[in-house]
Amino acid sequence: MKEISSAIQLIPLENYIGLSVALFSIGMMGVLFRRNTIAILMCLELMFNSVNLLLTAFSAYHSDPSGQVFVFFIMIVAAAEVAVGLAIVVMMKRNVDSVDINLLNRLKW
Amino acid sequence: MSALILLTVFGIIILYLGFVNNKTILAPVAITGLVATLILSVKDWNLGSKYFHDMMIIDNFSISFNVSMLIITILIFLFGINYYDRMEHHVAEQYALMIFALTGAFLMTSFSNLIMLFLGIEILSIPLYILAGGKKSSFRSNEASFKYFLLGSFATTFFLFGIALVYGASATFYLPEIKNYIAQFHGHLPPMLMVGLLFILIGVAFKVAVAPFHFWSPDVYEGAPTLVTAFMATVVKTAGFAAFYRLLGMGLLPLPGPLEKTLWVMTGLSLLVGNLAALRQTNFKRLLAYSAIVHTGFMMLAMLSQHDSSAAVLLYYTFVYSLATVPLFIIFIHMKRASLGLEELSIFRGLYRQKPWMAVFMTILLMSLAGLPPTAGFLAKYRVFILSISQGYLAISIFAVIMAVIGIYYYFYVLREAFSESNSPTPLVINKLNAALIIVCGTAVLLLGIFVWSVPI
Amino acid sequence: MIFLFYFLSAIMIICALAVVFSKNPINNVIYLIVCFLAMAGHYILLNAQFLAVVHVIVYTGAIMVLFLFVIMLLNLNKAIILRKSTVTRVSAVITGGIFFLVLLAATRQTFEIHARYPFTSEFGLVTGIGTVLFNEFLLPFEMSSILFISAMVGALMLGKKDV
Amino acid sequence: MVASIPYITLAWLVPAFPLLGFLITGLAKNRLKNNQAGILASTLVSLSFLISVLLFFTMKSSGQESATLTLFNWISAGDMKIPFAFMIDHLSIIMMLIVTGVGSLIHIYSIGYMHDDERVNTFFAQMNLFTFSMLLLVMGANYLILFIGWEGVGFCSYLLIGFWFKNPDYNYAARKAFVMNRIGDLGFILGIILLFFTFKSVSFTEVFSQAATLQTGAPMITLITLLLLVGAVGKSAQIPLYTWLPDAMAGPTPVSALIHAATMVTAGIYMIARSSILYNLAPITLNIIIVIGLATAILAAIVGLRQNDIKKVLAYSTVSQLGYMFLALGLGAYSAAVFHLTTHAFFKALLFLGAGSIIHAMGGEQDIRKMGGLKKKMPVTFLTFLTATLAISGIPPFSGFFSKDQILTDAFENNPVLYVLALGGALITCFYMFRLLYLVFYGNQRLSTSHPHESPRVMTIPLIILSVLSVFGGFLNIPSLFGGDSGFSEFLHKTIISKITAELDNTTEIGLIIASLILLGLVILLAYRTYVKKAVVPAKDGEKISVFGRIIANKFYLDEIYSAVFEKPFGFLSDFFYNQIETKILDPIIDEIGILTSRLGDLVRKLQQGIMSFYFFAMVAGILLFIIFILIV
Amino acid sequence: MILIIILLLPIITGLLLLPLKNPATVRIIALTAAVANLLITLGLIISVPSATYSVNWTHFMGTQFTLGYDGISLIMILLTNLLFPFIILSGFTRSHIKIPVLNFLILFTQSSLLGVFLAQNAFLFYIFWELTLIPVYFILLLWGGENRRAITLKFFIYTLTGSLFLLFGIIYLFTLTPGLHTTDFSAFNQLHIPAHTQNWLFWILFIAFAIKMPVFPFHTWQPSTYTMASKQGVMILAGVMTKMGIYGALRFLFPIVPEGVLYWQNIVIALCLTGVIYASVIAFRQSNIKRLIAFSSMAHISLMAAAMFALNVYSLQGLLFQVISHGVTIVALFYLVHLIQERTGTLELPQMGGLKHVAPGMAILLLMAVLGSIALPMTSGFVGEFLIITGLAKQSLWVALIGGTTMILGAIYMLYAYQRIMLGDSNPAFSKVQDIRVLDYFILIPLIAVIFVLGIYPQPVLDLAEASVNSMQKLLGPAGEVISQLTH
């Protein structure tokens, strides 16, 4: 336990930042990449989680619990958002029988 | 604080009233709740209280913005009485969600910790994602909600990433502490911090639909039910700017150079893009959406001018803007009904012939939006220009002046329709309450223009 | 220890990429779960045991199940061929790459971040978090209930089939 | 100089009577019947004449040179104070006498001439208005009052030329007259303004008293005199602004007599004579006047040779005679010019009225080729016309001889070449006048359909009176050579400072006179041989004539040249400005800004494609750009 | 108090008219109000030498609701109140729908115009300045002629563009005022703005006035708007609203940015003179009478603008005199043109001719108005243009020469138009055209009487103008010195 808890001192903060940035970028790329709304939602989760990781890393580095509390709240919000988002997807599926994000494009210009 | 609690309580009460299945009592109760909240809010005037480890600061700034939003919400609810008349399901939920969204807006006006800002934005947004999709069978409503949600979440991730970066550097979420932390760099911020701040600003900018993060707003405005559009165009914008101002005023001002330049670019872009896109717009709701982007630009101008009175001007501008926008939506919904669901500008034709007084009030409202004297809209723009010019931002002010001209063009284009003859006049029936609302707002817009109202903040 | 970090990171990156590139929604979910589990490992590495637990419960336990549920509900479990045009996909990848590089460049530590408090491993546990949460962050905590109630109402409202 | 002349306060009545006449006939034109208007108008003008005569004699007896009568303050702005005032001095009293005297005769004549016209009341109203304006012109105590009259007569001339407004050509002629006058007027008003700047006043007395202190040939004075000259050139129909006058014959003949012979066209002469003090200071201007005057005199005379319209012949002769007056002015012989003006007023009015009588008799026919043999049928007209022809040709002892001789002598004194040229012009004048006379009155009647008859008494009596004046008018100013006292010139010398003081010795002068008389006799003989003996009738319009003849007959194509140089380009310019610049450039620029903006708007709108992936891309792109921006900046 | 009455009498009357039904009553009440206002104004001119009305409107950034006048405003007010009774009277002929609304809008315009001329505070000035546009916009939109929707919008946007620059200028000046900022003219006049700032500020301020007048390249809204506008609309536009531009320029440019004025003087005069020639030349070939007169009006206004920038006593006096003269003349002309249109049904010159045979009265009145327009001596136009050309000559003889060509060109096109309309052989198409009627006499005779009376006895107005020019020189500060150097 002691070893684990001191991991932050062994692993440079840059690594976590880098990892987080990578995850965030991958998530973002996924949002751009996919057409399946559910997949996009998953990519969004990925992005949220990269933020979580970053916050936790910083929190650990600063020895400040508020960062981790923030992560807790982000989880709450993410859960709520997923609930709403999936409800919207369900509604959409019901209306247009598809989960293609580009299918809904009546509102334009 | 008590106002906030009362508001949430009323939200829940409304939810429960949904079980009673009596639509007629919903709006009155909701409005009672809003009025009570209003009274409680005003009672806190000049107290300047801080709550929960400075998580929230209820000062005059937040109270005035809260009151402004409450008044607009009351207007919208009054509008809702007639609007929701035909709707069978989920009326209570709609009211409750709006009240919850208002709660989020309250948090946004009074936060001093980024977590409260984050929560506020989310509490405001999530109900709106739902409300935008309020007409479940309508594809357009569905699409609006879908787009709003996806883009909103996407923006939120950036916002959060920004917070994380700022936290990483400063180890705090408290705005004053962040401010202190930033101050030690004397304007030369390390890139990480800069990017973090940029992401936070972008997150908020997205919510108020600043170009180039405005893409959601025309689609969502158009697709969402009109009442919700009115709510989004007014309350959400007000809340967004309150948050924006608080963020800048309490934490970030004076902004480091590159960030400030970025915001100026956004301001200019908003003015330009909104105006240009609105120029040939034929859908009224979309037109108002684009024009809202322009107004955002003006509000940004006021905010970025960094003067003691910026807050007052911002408040005045948002309130006057909201006051003119809501009744326009009311007029619009009547015309839409008369024309059997069309949303084109041409539905306004023949308005002057059928209901001259309504055309007159529409003139006043559009004039206010266009910024012509003697309406309050003019005064609002005037004050914005005073701010920006006195702070020496001459170039952008001139640019804004030119943009104001374009704005006048499309508002008067609408007006011209209203004063043209209609080919097929359909009978126009106006609900008395809505008529009263239009008249009250129109008169208020005039009076606010003539007898200037200013809040010492 | 650093090895552990790289190991978990590698799993995460690979799974994340798989989430993006795999076509079957079910597979996506599975990869995402693996990714999240790896992330829980990271949390533990970072001394955030409470978060690690909550993470597993919320994400893996609730959110991902919700995803699976919706996928099943909507009958999307087959690999649906919803592919964007090649141009879009290539540009998405390029954009992602550029974004990564730019962001990496931006977050390179050109300045020293001072740790706020001296190192301690205590706060990451339930007690530590709990103290802060119900003390300093009580208001947000209460407020999140509004968030939930509205999300709940909304999900019900939208998801329910009107007769 | 307060009015010490008795009755000077009555001076305002002189213009007031015609004005009254104008108002009465103008306002009540639908009520007045038959000759009422004519009689009223004639009476009022005659009353003016009587007052003028009264003033003339009181003035002469009092020995006063001038008197000013200020009515009210007209324009006062800053240091500019321009009163509405009249000034009566020797020059203006003579002009008043001419205007009212000849004017009343013409008015009386018009009663008969215009008897049948349905708008006779309007005619008299306009004639009265004209008389009023002309009186303002000659009586004004400062240049601006003069200018009121100056423009007023121009306007009345416009009205009267276009009196028969059914005919578009007449209307065009009227407009042309007014516009050409206006061109001159612009120069005139600019001259007045410069006068004001130079002397801080535009009143004659002050300007002239201050001018005495100026140096000869000062640029400013040259400029002023030149600008005033432009006005005079326009009004007095000199080259290059003379083409309106022949066209102005479109008006009723009394109008031609009054306006385009006796009074209005002489306004330029009057004005320059009035400003003699200024012109004496500007030798360059005087030389220019000589050139203009001489050129006009000869050119118009040549054109007159080939004219077949009786009134056109007279019109060109008027132009030519005005040229002589200009010549005199240029020579500095101002009083000679005014004298010629006076005699010319008599005989040219007579000629026009005679022509009017003929036209009246011929039932409106004006082409001399269609006349002939009228001598018997219209004896009074013939006799009076003959005296006038003799007078204009300069046959002694008719009035024209004295006045023209004075100018010729002065020309000789200045430069013999001038004399030769002027004499040549006089010979041509003589020729075409006798050509006219012979063609009209001698030979056979060439138009069988009409039955010419002598005009009624109301027309012939003015003819007779004018003919008497034409015969004896010259005696007003008999030069010392013939034992006279040059009374007219002496009278004027108190007002006009003539430049020429030296006199030719008598032998030279007599030699010159005899030579010119011989030549005149030869010319008359030539004309007689051609038109009476050979009975040559000028070519019909279609007939082929020599190139030179054609050029002359077409008035040197001056109208065509003006049309090509000014009118057409002006129309073209107008079209160009409107069709090209206004509607293709200026207006579209503004519209184009609008259109361009809305195109841009469409473009921006098209960005809003409604497709989510695009929105994501746009957002990411925006964020990326901003990040790069802040990292670089 | 008297000023507030003058200011509010029309608009309040207008509001009272709205609920009325009977057109005759409405018209008579409107006319009575306008005439009463004229009488009050005349009384004011005769009795009270100077009156200011000031009320602390609001504590808002030191803005005062201050009304007042000097000679310049007085002339403008006189013009406004002189013309509006006739404008209202001219509406007595044809029965439009919504007479109460029309008269309300006209009276509304009057009030806002008076507000422009009475305001002693730039902010107030600006509000009234824009306020005039609103009723005029509706008059044009609802009662205009062919293609009115597009033209009205263009007019509106065009003029507003200029106005917004003016707003910018006002705010900029506001921020320059020392201490507690204010927009009072008196404070603006005290400002000493650096020369290079004045140079650009000049255009910011001038562009609004240049568009309103309009000065040469900014005029393109004008001909089409005039041509399209209804009778009363065009009378308001041409008679009074163009003078707003002149008034504004006098109020803003010379006292506040004198060095800017001097710096740009030649350029602006050149523009104005270009406008004079350009409009005159164009007018010659116009087939539509209204368009022709619109261009003629532009030529005259351009000359007036040039006079303004010639900056000396004569030109300014002439300008102020010409303000009244041109206003009266152009209103008479436009009324006549509309009369012709109503009677003959056409505005196209090629279709006209010989109207004098059937309508001699109309012909005479038109001729008299034309005379006023081409500045024949004894008409008011002459006095004004003479003084203006004198002033221009003070600047440069060439300027005067070019400016003076309006005398020639004006004669060319106006008489051409007159000839085309009235003269020529009788036209069978017009055989049933009615001559002038009683109402027309009521409108035209006084207007034309004004033209001639002022031509013969211009002194009262000149005195009024003299006082203004002197007071302006006092106001001018640095420019005043310049001007007095120029004139003495």
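Scroll up for the structure.
Everything numeric in this text was worked out from a predicted model, so none of it was measured. (Residues numbered from 1 in each chain as written. Chains lettered and ligands numbered in written order. Predicted model: local features only at pLDDT ≥ 70, side-chain atom pairs only at ≥ 80, totals over all residues. Heavy atoms only, no water.)

## Notes on the interface of chain C and chain A
No. 1: Contacts between the two partners involve 84 residues from chain C and, on the opposite side, 82 residues from chain A.
No. 2: Of the roughly 7,500 Å² buried at the junction of chain C and chain A (both faces included), carbon and sulfur atoms supply 79%.
No. 3: Where the side of chain C that touches chain A is concerned, the elements lending two or more residues are helix H1 (2-21), helix H2 (25-45), helix H3 (49-73), helix H4 (86-107), helix H5 (126-133) and helix H6 (138-159) of chain C.
No. 4: Looking at the side of chain C that touches chain A residue by residue, the class counts come to 60 nonpolar, 17 polar and 7 charged. (Contact = heavy atoms within 4.5 Å. Buried area = accessible area lost by both parts, 1.4 Å probe. Helix = DSSP H or I, 4+ residues; strand = E, 2+ residues; numbered from the N terminus. Nonpolar A, V, L, I, M, F, W, Y, C, P; charged D, E, K, R; others polar.)

## So, H1(C)
In an α-helix, one turn spans 3.6 residues, which is why side chains three or four residues apart end up on the same side.
No. 1: With 20 residues, H1(C) should reach 28 Å at 1.5 Å per residue; the first-to-last C-alpha distance of 28 Å fits that figure.
No. 2: Listing the buried residues of H1(C) in full gives Phe5(C), Leu8(C), Ser9(C), Met12(C), Cys15(C), Ala16(C), Ala18(C), Val19(C) and Val20(C).
No. 3: Those residues of H1(C) that are buried are in contact with helix H3 (13-33) and helix H4 (37-62) of chain A together with H2 of chain C. (Expected span 1.5 Å × (residues − 1). Buried < 20%, exposed > 50% of the residue type's maximum accessible area, 1.4 Å probe, protein only.)

## Regarding the pairing of strand E2 (residues 80-89) of chain D
All names here are of chain D.
No. 1: Buried residues dominate E2, accounting for 8 of its 10 residues.
No. 2: The pairing of strand E1 (residues 66-77) with E2 spans 10 bridges and is antiparallel. Its bridge partner lying in E2, serine 76 is registered against lysine 81.
No. 3: The antiparallel pairing of E1 with E2 creates a hairpin that spans 2 residues between the two strands, and glycine 78 there sits at a positive phi of about 60 degrees. (Pairing = 2+ DSSP bridges.)

## Let's talk about the environment of Ile561(D)
Residues and elements named next belong to chain D.
No. 1: Looking at where isoleucine 561 falls in the secondary structure, it is placed in helix H24 (residues 558-607).
No. 2: A residue is classified by how much of its surface remains accessible, and isoleucine 561, at 40% relative accessible area, is partly exposed.
No. 3: Sequence-wise, isoleucine 561 and isoleucine 39 are 522 residues apart; in three dimensions their C-alpha atoms are separated by 44 Å.
No. 4: Aside from chain neighbours lying at most four places away, what touches isoleucine 561 is Phe556 and Phe566.

## Re the arrangement of the chains
No. 1: The protein chains that touch form 8 pairs of chains, and the pair with the most contacts between them is chains A and C.
No. 2: Taking C-alpha atoms as the reference, chain A and chain E come no closer than 24 Å and do not contact one another.

## A short note on the interface of chain B and chain C
No. 1: The interface is formed by 46 residues belonging to chain B together with 27 residues belonging to chain C.
No. 2: Contact between chain B and chain C buries roughly 3,200 Å² in total, counting both sides, with carbon and sulfur atoms accounting for 80%.
No. 3: Considering only the surface of chain B that becomes buried against chain C, Ile130(B), Lys136(B) and Met192(B) emerge as the three largest contributors, covering 17% of it.
No. 4: Put simply, chain B and chain C have 0 salt bridges between them.
No. 5: Put simply, chain B and chain C have 4 residue pairs in polar contact (both at pLDDT 80 or more) between them.
No. 6: Mapped onto the side of chain B that touches chain C, the elements with two or more residues apiece are helix H1 (2-20), helix H4 (91-110), helix H5 (114-132), helix H6 (139-170), helix H7 (175-183) and helix H8 (191-207) of chain B.
No. 7: Counting residues per element, the side of chain B that touches chain C draws most heavily on H5(B), which supplies 8 residues.
No. 8: Here the side of chain B that touches chain C is built from residues that sort into 30 nonpolar, 12 polar and 4 charged. (Salt bridge = Lys/Arg side-chain N within 4 Å of Asp/Glu carboxyl O. Polar contact = N/O pair within 3.5 Å; in protein donor to acceptor, adjacent residues only side chain to side chain.)

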